[in-house]
Amino acid sequence: MTGADRRDTPLAAHIKARIVRDGPITVAQYIKACLQDPQHGYYAKRGIGQDFVTAPEISQVFGELIGLWAVVVWQQMGQPRPIVLVELGPGNGTMMRDMLRAARGAPDFLRTAEVCLVETSASLAARQLELLRDAGVPLHAYSSIDDVPPGATIVIGNEFLDALPAHQYVRSQAAWHERTVGLGGDGGLQFGFGSPAPADVLRRFPDAREGDIVQVHHEFEEIAAWMEKCAANAPIAALFIDYGHTASASGDTLEAVRAHRHEHPLTSPGEADLTVHVDFESMARDFGGRGTLGVDGPLTQAEFLGALGIAERASRLMSANPAQANAIEMGVQRLMAPQAMGTRFKAVGIRSRGLPALPGLTTERP
Ligand code: SAH
């Protein structure tokens with residue numbers, strides 16, 4: 001695909017020089033450079049809310065419900081002490097702040113929680129520590145999940161998975177090839193295709209046709225391996241909320257957003273947010289295919305928040321803050337909107353097999 005209105009960002013110059021030196025890069029390498037480059041990457045410079053807005057920034061009720069969810073999960077685990085509370089990609093830190101505020105109703109939980117913030121962006125990590133400084137719990141900052149200390153663990157990640165570098169593959173007549181970013185005749189960035197894809201891509205998308213594009217988050221397998229390692233020694237539960245599709249399907253979902261507008265993914269390297277939809281069917285296989293982990297969901301965000309009692313919590317909050325009632329109601333409506341956030345976003349739980357189904361993530365109704 002051409003047609004990118006290409007801007008001369010500082011990162012574009014770096015990427016082009018790299019391609020001239022080493023040849024085309026994979027889409028996954030392109031995404032990683034755009035989002036995580038320590039100097040020119042998107043998250044090195046931008047805060048959450050400047051180009052796109054996430055659920056915790058829309059309504060405090062979101063993080064509060066997830067805080068209460070974490071308390072119930074801890075109780076289901078048998079109240080292990082300490083409990084390691086890990087957030088992957090905390091952005092501005094807003095969700096953890098709201099979670100911890102709601103968890104004040106469970107002082108035993110707060111007394112024993114060790115909060116671990118896993119963040120690749122140095123500037124966002126600093127922002128998170130600043131916001132959470134007075135939260136009254138021990139805070140630890142890491143740049144990789146592998147550094148999180150072992151123990152009973154609850155992991156949460158909102159819009160984290162979609163920010164991980166996904167590989168894209170293009171189906172040709174006989175085989176899959178990795179989608180790449182190289183240089184066009186005019187010297188601008190351009191998509192192409194390179195090496196043959198690993199064999200499991202064919203297995204994941206048996207019905208794809210010539211010309212189809214699919215994406216695979218190979219990093220999910222690393223997170224699953226980490227969780228499995230943890231589960232061997234202590235209970236672990238994770239909640240991921242992200243947008244994506246419940247069943248594996250082909251179709252290019254690489255998207256760029258800058259200043260709340262969509263643009264071509266090659267237009268503004270490092271200055272637009274890039275995301276790839278989460279393929280929850282593949283994800284369930286990556287995690288659930290392991291003997292020690294079980295998968296609950298995915299359910300839509302509206303179903304999940306509904307099951308956690310969003311309506312009741314919002315109305316209590318509105319009665320306590322009549323001046324903000326309108327804003328609270330609007331925020332909650334946005335999180336729950338059918339055909340929008342309420343259904344595009346899904347919640348999925350992963351847990352040690354010995355634990356009961358995670359709260360709000362079972363379709364069985366009592
Ligand atoms: N959870 C926040 C932010 C979502 S944006 C919210 O809902 O508002 C994605 C976040 O993940 C950013 O903080 C980004 O810097 C971080 N991130 C991206 N890749 C990461 C990785 N590999 N490891 C840790 N954090 C990462």
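Preceding this section is the structure that the text describes.
Keep in mind that this is a model prediction, so the values were computed, not measured.

What counts, and at which threshold
- Residues numbered from 1 in each chain as written.
- Predicted model: local features only at pLDDT ≥ 70, side-chain atom pairs only at ≥ 80, totals over all residues.
- Heavy atoms only, no water.
- Axes fitted to C-alpha atoms, helices over the stretch in contact; angles between N-to-C directions.
- Helix = DSSP H or I, 4+ residues; strand = E, 2+ residues; numbered from the N terminus.
- Left-handed = near helix turned anticlockwise from the far one by under 90°.
- Contact = heavy atoms within 4.5 Å.
- Nonpolar A, V, L, I, M, F, W, Y, C, P; charged D, E, K, R; others polar.
- Polar contact = N/O pair within 3.5 Å; in protein donor to acceptor, adjacent residues only side chain to side chain.
- Core = buried A, V, L, I, M, F, W, Y, C linked by side-chain atoms within 4.5 Å.
- Buried < 20%, exposed > 50% of the residue type's maximum accessible area, 1.4 Å probe, protein only.
- Pairing = 2+ DSSP bridges.

## Points about the packing of helix H10 (residues 219–231) against helix H11 (residues 280–288)
Packing of H10 against H11 brings their axes to within 9 Å, and their N-to-C directions diverge by 35°. Crossing of H10 over H11 shows right-handed handedness. Across from Phe220, Glu221, Ile223, Ala224 and Met227 in H10, the residues of H11 making contact are Met283, Asp286 and Phe287. Of the residues contributing to the contact of H10 with H11, the split by class is six nonpolar, no polar and two charged.

## Section: the environment of serine 144
Secondary-structure assignment places serine 144 in the loop between strand E4 (139–142) and strand E5 (153–158). Separated by 25 residues in sequence, serine 144 and glutamate 119 place their C-alpha atoms 7.1 Å apart. A distance of 3.1 Å separates a polar atom in the side chain of serine 144 from the backbone nitrogen of aspartate 146.

## Brief notes about the nonpolar core
Judged by nonpolar contacts, the single largest core of 48 residues is most densely connected at Trp69, Leu85, Met96, Phe109, Ile154 and Leu239. If one sorts the elements of this core by residue count, helix H5 (residues 60–76) sits on top with nine residues. Those residues in contact with isoleucine 154 that sit more than four places away from it in its chain are Trp69, Ala70, Val73, Trp74, Met77, Ile83, Val84, Leu85, Val86 and Ala237. Counting 28 residues, the second-largest nonpolar core is a separate cluster that includes Cys116, Val155, Leu164 and Trp226.

## Some points on helix H6 (residues 94–102)
Counting buried residues in H6 gives seven out of nine residues, a clear majority hidden from the surface. Within H6, the full set of buried residues consists of Thr94, Met95, Met96, Asp98, Met99, Leu100 and Ala102.

## Quick notes on the sheet that holds strand E12 (residues 261–263)
With antiparallel pairing, three strands are arranged side by side in an open sheet as E12-E11-E13. Unpaired on one side and paired on the other, E12 and strand E13 (273–275) mark the two borders of the sheet. Sheet twist, expressed as the mean angle between neighbouring strand axes with direction ignored, is 35°. Sheet topology places strand E11 (residues 255–258) next to E12; three bridges connect them, and they run antiparallel. Paired with arginine 258 across the two strands is arginine 261, which belongs to E12.

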